[in-house]
Amino acid sequence: MTEPGPAPAPPLAGGLHAARSLRPLLDTVLTALHTGAAERNAPLPAGGPATVTARVRTALGDVLPTHGTGDHEALATLVHTLAAGAADPADPLCAAHLHCPPLAVAAAADLAVSALNPSLDSWDQAPAASAIEALLTRALAAEFYDGPGADALLTTGGTESNQLALLLARERHGPRLHVLHGANAHHSVPRAAWLLGLPPATALPTPTGTLDPATLDAALADAPGPALVTATAGTTDAGLIDPLDALADVCERHRAELHVDAAYGGALAFSPRHRGKLTGLHRARSITLDLHKLGWQPVAAGLLAVPDTALLAPLAHQADYLNAADDTEAGLPDLLGRSLRTTRRPDAFKIAATLRSLGRDGLARLIDHTCAAAHRLAEILDAHPGFELHAHPTITTVLFRPTPTDDDRLAALRRTLLHDGTAVLGRATTADGRLWLKATLLNPHTTTRDLDTLVALLEGSSHR
Ligand SMILES: *Cc1c(COP(=O)(O)O)cnc(C)c1O
């Protein structure tokens, strides 16, 4: 009998020798991040999808080669390729979507999570991570709700949070629950109604960009049976906030429940200067919040906050191998009711590290600076004879168009910028049917000079 040969097992990320194995690999990763970004030298790689795909294909060659190239070569090649071909939200001219540049502290914290790989489906896979999550979710929920029962679930983002909000409402009111939302709502709201087998959600017209309480009042007067209203704090197209307090009044009058999708705008609660825009938010039965937007976290960092833990009871679930009744009775925390997922990354960890690093005042400064940059951009465009500004921003979204132009030329201009890799801007169609360019500012380092550069670039491109 011969012993199997020495297996050349690559080093692990955890354990006592983690630093010795990870540090040199991280050095390779950081170098390749730099060389890739330097090669791109722009917010987006030039050349469009065909060019980027061809470059990736050439760099990677065989995705599963017969013989491996080893850790350093694999990381150097792939990280360089990834960075060279990235849409980098750390570039101030990358401002299309609610796609934030993550803070270094959050990315570094996430590395620790990757190394240790805690999984939040049972305490014995995540002792400290689960305790951190429990503290963080309670603390964040308390930012939105006053009572001692306030609680929150970590999710993969606004889409999952909205799904959970509708699911919890369905469990309270049954399958006839009628979901109403503004036409300005995120697409995930009607989709969640579809997923959950609810009657098709009703989209109420929002010609001004926000949901008018009188419109909701009339719709609820006609609504048969139990209703859930979804309002939005931070619309995807224009960053507008529905009149939450007035909508909560209407809901109360009709005994309808209110859910607020504050995926984007909810973070304003951390800024003494801006939190007044969220008046009435605490009256919602549930609140969606994404810290991978105005929270500067790597994806994913979603939350669903509720005023009382008891509202989460429908998610309670048992699987003997994860939360046997006698284990729970003996004091092992039961985590299965904290998500519909089983294996689950501790996304709370990077958030906790970020909050500790920044503190309340540091977080507020980031939010205030980013909102101010959006205001500044709007002012520059408003004062410029070559542009039409749609409106001054409520949060950090600025809609505008060069003048004169038409919708086709505007859409083509956006694609030209993407193709050249010079700027990443979004697009939005307002209720009147007009198309606009959309700048969603989420970079807390953006300066007035960056904004001037963007405007000069657009000026040049729109006259080409
Ligand atoms: C971003 C966003 C969502 C979706 O969130 P994901 O994190 O992408 O799942 C939902 N609603 C609003 C208002 C959003 O801004």
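Sequence positions are assigned chain by chain, starting from 1 and proceeding in written order. Confidence filtering applies because this is a predicted model: local features only for residues at pLDDT of at least 70, side-chain atom pairs given and counted only at 80 or more, and all residues used for totals across whole chains, interfaces and linings. Where side-chain values are given, they derive from all heavy atoms of the structure, hydrogens and water being excluded.

K.L.:
Which residues make up the overall build of the protein chain, and what are the values?
P.N.:
By definition, any uninterrupted DSSP run of H or I lasting at least four residues is a helix, any uninterrupted run of E lasting at least two residues is a strand, and each is numbered from the N terminus. A tally of regular secondary structure across the protein chain gives 14 helices and 12 strands. Over its C-alpha trace the protein chain gives a radius of gyration of 24 Å, about what one expects of a compact globule, namely 23 Å for 464 residues. Taken over the C-alpha atoms alone, the protein chain extends approximately 80 × 70 × 40 Å along its principal axes. The cut-offs for exposure are 20% and 50% of the maximum accessible area for each residue type, with area from a 1.4 Å probe on protein chains only; residues under the lower value are buried, those over the upper are exposed, and the others partly exposed. Across the 464 residues in the protein chain, those meeting the buried criterion constitute 49%. Note on areas: Shrake-Rupley with a 1.4 Å probe; residue coverage comes only from the protein chains shown. For the protein chain, the accessible area works out to roughly 22,200 Å², and carbon and sulfur atoms hold 58% of it. With 36 positive and 48 negative side-chain charges, the protein chain shows a spacing of 4 Å between the two charge centroids. Just to be clear, the radius of gyration here is over C-alpha atoms, and the globule rule we use is 2.2 Å times residues to the power 0.38. When charges are counted, neither His nor the chain ends are considered; positive counts come from Lys and Arg and negative counts from Asp and Glu. For the purpose of locating charges, the reference atoms are NZ of Lys, CZ of Arg, CG of Asp and CD of Glu.

K.L.:
Explain the pattern of salt bridges to me, using residue names and the numbers behind them.
P.N.:
For this analysis, a salt bridge means a side-chain nitrogen from Lys or Arg found within 4 Å of a carboxyl oxygen belonging to Asp or Glu. Overall, the coordinates contain 20 salt bridges when judged by the stated rule. The salt bridge involving Arg 344 is made with Glu 133; its shortest N-O contact spans 3.0 Å. On the criterion of sequence distance, the pair formed by Arg 344 in the loop between helix 11 (325–329) and helix 12 (347–383) and Glu 133 in helix 5 (residues 127–142) is long-range, its members being 211 residues apart. Here Arg 344 matches Glu 133 in class, with each residue buried. The partner of Arg 283 in a salt bridge is Asp 245, with the nearest N and O atoms 3.0 Å apart. In this pair, Arg 283 is assigned in the loop between strand 6 (257–261) and strand 7 (286–290) and Asp 245 in helix 9 (residues 244–253), connecting sequence segments 38 residues apart.

K.L.:
Mind laying out the domain arrangement of the protein chain, listing which residues take part and the relevant values?
P.N.:
Domain limits in this description derive from either an automatic procedure or a database domain assignment. Splitting the protein chain by domain gives domain 1 (19–62 + 72–86), domain 2 (107–356) and domain 3 (359–462). Averaged C-alpha coordinates put domain 1 and domain 2 at centres separated by 35 Å.

K.L.:
Go over the site of the ligand with me, naming the residues and quoting the values.
P.N.:
Nearness here has a simple test: a residue counts as near a molecule or strand if at least one of its heavy atoms is within 4 Å of that partner. Around the ligand sit 13 residues in total, of which Thr 159, Asp 261, Asp 290, His 292 and Lys 293 are the nearest. In the analysis that follows, any N or O atom pair within 3.5 Å is treated as a polar contact, provided that within protein one partner can donate a hydrogen and the other can accept it, and provided that, for residues neighboring in sequence, both atoms belong to side chains. Between the ligand and Asp 261 there is a distance of 2.6 Å, counted from a nitrogen atom to a side-chain nitrogen or oxygen. Here an oxygen atom of the ligand sits 2.8 Å away from a polar atom, N or O, in the side chain of His 292. Here the ligand has 380 Å² of accessible area as a free molecule, and 85% of this is covered by the chains. Sorting elements by how many residues they give to the shell around the ligand places helix 6 (residues 158–173) first, with three residues. For this classification, Asp, Glu, Lys and Arg are treated as charged, while Ala, Val, Leu, Ile, Met, Phe, Trp, Tyr, Cys and Pro are nonpolar and the rest, including Gly, are polar. By residue class, the composition of the shell around the ligand is three nonpolar, seven polar and three charged.

K.L.:
Before we move on, can you summarise the packing of helix 13 (residues 407–420) against helix 14 (residues 448–462) with the specific residues and values?
P.N.:
As a rule, the C-alpha atoms of each element are fitted with a line to give its axis, helices using only the stretch in contact, and angles between N-to-C directions run from 0 to 180 degrees. Put simply, helix 13 and helix 14 touch, their axes get as near as 11 Å, and they point 120° apart. Here helix 14 runs oblique to helix 13, going by the angle between their axes. In this structure, the crossing between helix 13 and helix 14 has a hand that is right-handed. Counted together, Arg 409, Leu 413 and Leu 417 of helix 13 and Leu 457, Leu 458, Ser 461 and Ser 462 of helix 14 form the full contact between these two elements. Along the lines of polarity and charge, the residues of the contact of helix 13 with helix 14 split into four nonpolar, two polar and one charged. By definition in this entry, angles of less than 35 degrees are roughly parallel, angles greater than 145 are roughly antiparallel, angles of 65 to 115 are roughly perpendicular, and the rest are oblique. Left-handed describes a crossing whose near helix is turned anticlockwise from the far helix by less than a right angle; the clockwise case is right-handed. By the convention used here, residues are in contact when the closest approach between their heavy atoms is within 4.5 Å.

K.L.:
Residue-level account of empty space enclosed by the protein, with values.
P.N.:
The definitions used throughout rest on a 1 Å grid laid over the protein atoms alone, on which a cavity is an enclosed set of points accommodating a 1.4 Å probe that cannot get out and a pocket is an open set flanked by protein within 12 Å on both sides along at least five of seven lines; lining residues are those having an atom within 4 Å of a point. Grid points are joined across faces, edges and corners, and a volume is the space filled by probe spheres set on the points. Throughout the structure, instances matching the rule amount to four cavities of 30 Å³ or more. Put simply, the largest cavity is a space of about 70 Å³. Around the largest cavity, the lining residues are Leu 140, Phe 270, Leu 291, Leu 294, Gly 295, Gln 297, Ile 351, Thr 354, Leu 355 and Leu 363. Of all the elements, helix 12 adds the most residues to the lining of the largest cavity, at four residues.

K.L.:
I'd like a rundown of the sheet that holds strand 5 (residues 227–232), residues and numbers included.
P.N.:
In this scheme, strands are said to pair when DSSP sees at least two bridges between them. A sheet is described by the order of its strands in space; here seven strands give the open sequence 2-8-7-6-5-3-4, paired in mixed fashion. Since the sheet does not close on itself, it has two edges, and those belong to strand 2 (151–155) and strand 4 (202–204), each with one partner. Averaged over all pairs of adjacent strands, the angle between their axes in this sheet comes to 20°, without regard to strand direction. Pairing of strand 2 with strand 8 (residues 302–306), which is carried by five bridges, proceeds in the antiparallel orientation. Counted as the bridge partner of Asp 151 is Val 306 from strand 8. Sitting on the sheet, helix 5 touches strand 2 and strand 8, and the angle it makes with strand 2 is about 115°. Lying on the sheet, helix 9 is in contact with strand 5 and strand 6; it crosses strand 6 at an angle near 155°.

K.L.:
An account of unusual backbone geometry is needed here, citing residue identities and associated values.
P.N.:
Omega for the bond connecting Val 299 with Ala 300 falls within 30 degrees of zero, at 5°, which places this linkage in the cis form. Locating Ala 300 in the fold gives a position in the loop between strand 7 and strand 8. The amide bond that connects Thr 403 to the next residue, Pro 404, takes the cis arrangement and shows omega of -10°. You can see Pro 404 is positioned in the loop between strand 10 (397–402) and helix 13. Phi is positive for Asn 117, which is not a glycine, with a value near 55°.

K.L.:
Mind laying out a nonpolar patch on the surface, listing which residues take part and the relevant values?
P.N.:
Candidate patch residues must exceed 30% relative accessible area and have no salt bridge, after which like charges are joined if within 9 Å and Val, Leu, Ile, Met, Phe, Trp or Tyr side chains if within 5 Å. Taken together, the side chains of Val 56, Leu 60, Val 63 and Leu 78 present a nonpolar region at the surface, about 320 Å² in accessible area. Take Val 63: it is sitting in the loop between helix 2 (48–60) and helix 3 (71–84).

K.L.:
An account of the environment of Gly 209 is requested, with residue identities and associated values reported.
P.N.:
With respect to the helices, strands and loops of the structure, Gly 209 is situated in the loop between strand 4 and helix 8 (213–222). Since its relative accessible area comes to 18%, Gly 209 is described here as buried. For Gly 209, the contacting residues outside a window of four places in its chain are Asn 184, Thr 235 and Leu 240.

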